[in-house]
Amino acid sequence: MSRMSYSSASMGSGSRTARRTVEFGRTYVVRPKAKHQATIVWLHGLGDNGSSWSQLLDNLPLPNIKWICPTAPTRPVTVLGGFPCAAWFDEGELSEDGPNDVEGLDASVAHIANLLSTEPSDVKLGIGGFSMGAACALYSAACFAQGKYGNGNPYPINLKAVVGLSGWLPGARNLRNKIGSNDAARRAASLPILLCHGQCDEVVPYKHGERSSQMLSSAGFRYVTFKSYDGLGHYTVPQEMEEVCQWLHTRLGA
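All figures in this text were calculated on a predicted structure; none of them were measured in a lab.

Cut-off values and rules
Residues numbered from 1 in each chain as written. Predicted model: local features only at pLDDT ≥ 70, side-chain atom pairs only at ≥ 80, totals over all residues. Heavy atoms only, no water. Salt bridge = Lys/Arg side-chain N within 4 Å of Asp/Glu carboxyl O. Helix = DSSP H or I, 4+ residues; strand = E, 2+ residues; numbered from the N terminus. Axes fitted to C-alpha atoms, helices over the stretch in contact; angles between N-to-C directions. Parallel < 35°, antiparallel > 145°, perpendicular 65-115°, else oblique. Contact = heavy atoms within 4.5 Å. Nonpolar A, V, L, I, M, F, W, Y, C, P; charged D, E, K, R; others polar.

Peer 1: Looking at this model, I keep getting lost on the pattern of salt bridges. Mind explaining?
Peer 2: In total, this model carries four salt bridges according to the counting rule given. With a shortest N-O distance of 2.6 Å, K33 and D58 are connected by a salt bridge. With K33 in the loop between strand 3 (28-30) and strand 4 (38-43) and D58 in helix 1 (residues 50-58), this pair connects stretches of sequence that are 25 residues apart. Residue D183 pairs with R186 through a salt bridge whose shortest N-O separation is 3.6 Å. Linking D183 with R186, this pair stays in helix 5 (residues 182-190), spanning three residues, or about one helical turn.

Peer 1: What should I look at first to understand the packing of helix 3 (residues 132-146) against helix 5 in this one?
Peer 2: The relative placement of two packed helices comes down to the angle between their axes together with the axis-to-axis distance. Contact geometry of helix 3 with helix 5 gives a least axis separation of 7 Å together with a crossing angle of 140 degrees. Here helix 5 runs oblique to helix 3, going by the angle between their axes. Only A184, R187, A188 and S190 of helix 5 make contact with helix 3, whose side of the interface consists of F144, A145 and Q146. Along the lines of polarity and charge, the residues of the contact of helix 3 with helix 5 split into four nonpolar, two polar and one charged.

Peer 1: Sorry, what's going on with the environment of T39 here?
Peer 2: Following the sequence through the fold, T39 ends up in strand 4. Note: C-alpha distance between T39 and I127 (88 residues apart in sequence) is 8.4 Å. Not counting chain neighbours up to four residues away, the residues in contact with T39 comprise K66, I68, L116, E119, V123, K124, L125 and G126.

Below you can see the structure in the form of structure tokens.
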């Protein structure tokens, strides 16, 4: 079991006296079947766990990639009426204005960064995910470009690729204002992002994926690829995963 705890104090909020501890579930690792060239942390959707995705990723024809599939903490989720389930952060109604739970997002993104921090220096690092996991991956991309988490603490990982399936970018409307410095613009321009979304998605409507792609591009992420799938709901299909494989092979050389 890989369990880590973050409190609001360690996440740099300082002034708060209440400590909120988050306990992450089990992490599943898929070892590379050939020379290790890249490591990708892959994030599951709401209520899922790292195991189901690790089995799917293990069967992809990408022998040079190591996959790390963590499990989100169990927490009350507003959109489910406060029902507790595995979630990377708390989420209410989807909107471009949020995110409402910056603390939860920062804790999860720091956990992901920690998982990547011990990888060999010659290995390329990436983050991907589905649904809420995709939202967390895209938030990681924003933190990478800004060079810091939402709470201002420095973001430590040099990302080379981000993939988001059936997801959205939390706080998309505010991103452009945050990529102001030359360094942030350079980092944004260097990071390739692949977004895939089904046009019949009834859980995270298609417009959220499309809009997130547009917001990322307008904020200075030059290499954003957006793929839409006619008739696809809130799930993945072999055609989509084949395109993910092709994209990763091109971008990471893996």
